Amino acid sequence: MEKKVIYELKSLYRDSLRIMGYQFGEGKPTICIVGSMRGNEVQQLYLCARLIQKFTEYEEKGYIDPQYSILVIPSINHYGMNINHRFWPQDDTDINRMFPGYNEGETTQRIAEGVFHAIKDFAYGIQLTSFYIPGEFASHIRIMKTGLEDIETAKLFGLPYIVVRNPRPYDTTTLNYNWQIWEAKAYSLYTKETDVIDEKSVNEGMNSILRFMYHQGILTKSMPGGYMTEIIYEEQMISLKCQKAGILKRFVDVEEHVKKGTLLAQILDSYDASVIEEIVAPMSGIIFFLHVKPLVYGRTAVIKMKVE
Amino acid sequence: MIENVTEAMLPVDEKYEIKKHRIQKGTSQKRICIVTGTHGDELEGQYVCYQLQEVLKERDDLNGIVDIYPSLNPLGMDSMNRKVPFFDLDMNRVFPGDSNGSLVESVAYDIIQDLKGADLVVDIHASNVYLREIPQIRINTLQSEKLIPLAKHMNVDYIWVHSASTVLESTLAYSLNDLDTPTLVVEMGVGLRITESYGHQLIDGLLNTMKELEMLSMEVPEVRIPIVSLDQNVHFLNAKYAGLFLPMTSHQHMVDKESLIGKIVNPLTGEILDYVCSPCHGLLFTLREYPLVNEGSLIGRILEL
């Protein structure tokens, strides 16, 4: 394993921002895994740390095919993470909206360019990421439909779901989109949590990456298990919105199968706890996304369901 | 008449409302919309919304509808937050919105529905807390043919026709123009502050434009002729070092090639880290207001003349 500085930015009063890469193997650039790009993606940081631990062990035991190299970048915006802030501390910009970056541009454009320069030539790119609405997800691989996407290969992760998303204009500056434009096969891995660590979901995510790498011949140690993956197009999911605002009381968990008519959640009046709205499954299906904050606004998608 | 454009409930005993003030006189259905406050830290438009109403009260020649939307992001404005609090989302990246989407997306959808069909929408921005801008209108190349003639009536110093960017497709202005509702983006001043002279300049431009739209019939102030330029004439000055930026020239000044714009210093060591010089002869139309810079922070923009 070689630990190297991918990009360094000097600061006036803070320690330099060092974006670290952990490289395993010395062969052709084959797979790059990028962890936390936002300052609250703690689960994504931890998942990378566990992968680095595992790859160190695999390297010692000779389980990494020497013709390939693996690069893991566990954290990019730890300037934000160290002060509990999701985006870039000084100007609140999102590094994941700055790709492919620009080395003579503004600070986060330079960071994006510095990172992208180091990772754009990998054959496979996996980004561990999170959604802008705080909530829990069923673990899945998300792929942007750019015309260059490779959905079949994504099944090799063995996760229960692949979600295919039609990119919106603002998606075109994400790492995932630009990786694809540079002809890498790019996958975004969503696990259950973001700000907190869910060990079970971390294990599932880590095993899915090890499984994918084994199937691609990068690792020689197999990772048994995995699911017959179901492909979901984002528009096939239904959003269940509340109209009222108040305290959210949930009765289901992500990945739970529910029957039509099941009571999924209630909105309680925030002064007297009376039930002011009930959210009921309109069809049978699987809970894919759950709003988790205890307070909920009106007109908010509290649950996303994959209908059976 | 004060009307609600959209509303939703907040968790604890509060209604989320976006309001507009409709001023309607005469028989014409021509409509101009003055929109501001998408970013909660931009306040220059507040003065324009107030002062324009003062000016209109003194006139009796209005024939049409003036809709004033002073705050599209009231939660952000109230909390000195550029973005929409709770979602930590830039509201000007979610248009045209989605009636079935999250709260912010469905609010964005309602705003578009309310504005579309207007004869002109003027979306007033105030840069951010880092940079000061001269009064200018920014137009996407794709929409320039239709918008430049309108923008020339607005009494701004500069019309910047910038290249198309996919990110900008998520803005209010792009979305409305895409729906054939002419929309001009004004940038002027600096975040969290009001520059009254810029406000008055823009109000003169609004009155002139309303006369061009035949919404006013009596005399309006004369307006200046703006410089119109494309991207290739604009030079960006970015900080080479992290430090404290001290300007050595004034905003909105003509600068010569290699003249000093400012210096970056280190207050800890007492060193001068860099002198920032102009790469060309031109107009310094953007200048850094917030003194601390990271490597790469924008210090200024110069329009080469």
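As the structure is a prediction and not an experimental result, all values here were calculated from the model.

The rules we used
- Residues numbered from 1 in each chain as written.
- Chains lettered and ligands numbered in written order.
- Predicted model: local features only at pLDDT ≥ 70, side-chain atom pairs only at ≥ 80, totals over all residues.
- Pairing = 2+ DSSP bridges.
- Helix = DSSP H or I, 4+ residues; strand = E, 2+ residues; numbered from the N terminus.
- Axes fitted to C-alpha atoms, helices over the stretch in contact; angles between N-to-C directions.
- Contact = placed C-beta atoms within 7 Å.
- Domains from an automatic or database assignment.
- Nonpolar A, V, L, I, M, F, W, Y, C, P; charged D, E, K, R; others polar.
- Buried ≥ 20, exposed ≤ 12 C-beta atoms within 10 Å, placed from the backbone.
- Expected span 1.5 Å × (residues − 1).

Novice: Pulling in residues and values, what's your account of the sheet that holds strand β7 (residues 140-144) of chain A?
Specialist: Two modes of strand pairing occur in sheets, parallel and antiparallel, and in both the strands are linked by backbone hydrogen bonds. All names here are of chain A. The nine strands lie next to each other as β1-β2-β4-β3-β5-β9-β7-β8-β10, forming an open sheet whose pairing is mixed. Two strands lie at the open edges of the sheet, namely β1 (2-9) and β10 (230-233), each paired on one side alone. Each strand of the sheet is rotated relative to its neighbour by a mean of 25°, with strand direction disregarded. Taken together, the three bridges between β7 and strand β9 (residues 185-190) define a ladder with antiparallel strand orientation. Bridged to R142 within β9 is S188. Helix α1 (residues 42-61) contacts β2 (17-24), β3 (28-36), β4 (68-75) and β5 (124-128) of the sheet and is inclined by roughly 150° relative to β4.

Novice: Describe the domain arrangement of chain B, and please don't skip the residues or the numbers.
Specialist: Residue and element names in this part refer to chain B. Domain parsing of chain B yields domain 1 (2-225) and domain 2 (232-304). With ten residues of domain 1 in contact, the opposing surface of domain 2 contributes eleven residues. Within the residue set of the side of domain 1 that touches domain 2, elements represented by two or more residues are β6 (131-140) and β7 (158-162). By residue number, the principal contributor to the side of domain 1 that touches domain 2 is β6, which donates five residues. Residues that form the side of domain 1 that touches domain 2 fall into these classes: seven nonpolar, one polar and two charged.

Novice: Before we move on, can you summarise the domain arrangement of chain A with the specific residues and values?
Specialist: All names here are of chain A. Structurally, chain A comprises domain 1 (2-228) and domain 2 (236-307). In this structure, domain 1 and domain 2 have C-alpha centres spaced 30 Å apart. Each partner contributes to the interface: domain 1 provides seven residues, whereas domain 2 provides eight residues. A breakdown of the residues in the side of domain 1 that touches domain 2 according to their chemical character gives four nonpolar, one polar and two charged.

Novice: Break down the environment of Q127(A) for me, with residues and values.
Specialist: All names here are of chain A. Looking at the element boundaries, Q127 is found in strand β5. The class for Q127 is buried, based on 23 C-beta atoms found within 10 Å. Residues Q127 and T194 lie 67 residues apart in sequence; the distance between their C-alpha atoms is 13 Å. Once residues lying within four places of it in the same chain are set aside, the contact partners of Q127 are V34, L175, N176 and S188.

Novice: Describe helix α6 (residues 196-212) of chain B, listing the residues and the values that go with them.
Specialist: Residue and element names in this part refer to chain B. In this model, α6 (17 residues) spans 24 Å end to end at C-alpha, consistent with the 24 Å of a helix rising 1.5 Å per residue. Every buried residue of α6 is listed here: Y198, G199, Q201, L202, I203, G205, L206, L207, T209 and M210. Just downstream of α6 lies E214, where phi reads positive at about 65°.

Novice: Can you tell me about the sheet that holds strand β17 (residues 295-296) of chain A, naming the residues and giving the values?
Specialist: Residues and elements named next belong to chain A. Strand order in the open sheet formed by four strands is β15-β14-β12-β17, with antiparallel pairing between adjacent strands. Unpaired on one side and paired on the other, β15 (275-280) and β17 mark the two borders of the sheet. Judged from the five bridges that link them, strand β14 (residues 263-268) and β15 form a sheet pairing that is antiparallel. Bridging across to β15, L263 finds its partner in V280.

Novice: I'd love a proper account of the interface of chain B and chain A, names of residues and values included.
Specialist: At the junction of the two partners, chain B supplies 30 residues and chain A supplies 33 residues. When contributions to the side of chain B that touches chain A are tallied by element, the ones reaching two or more residues are β1 (2-10) and α3 (103-115) of chain B. With three residues, the top contributor of residues to the side of chain B that touches chain A is β1(B). Per-class residue counts for the side of chain B that touches chain A are 13 nonpolar, eleven polar and six charged.

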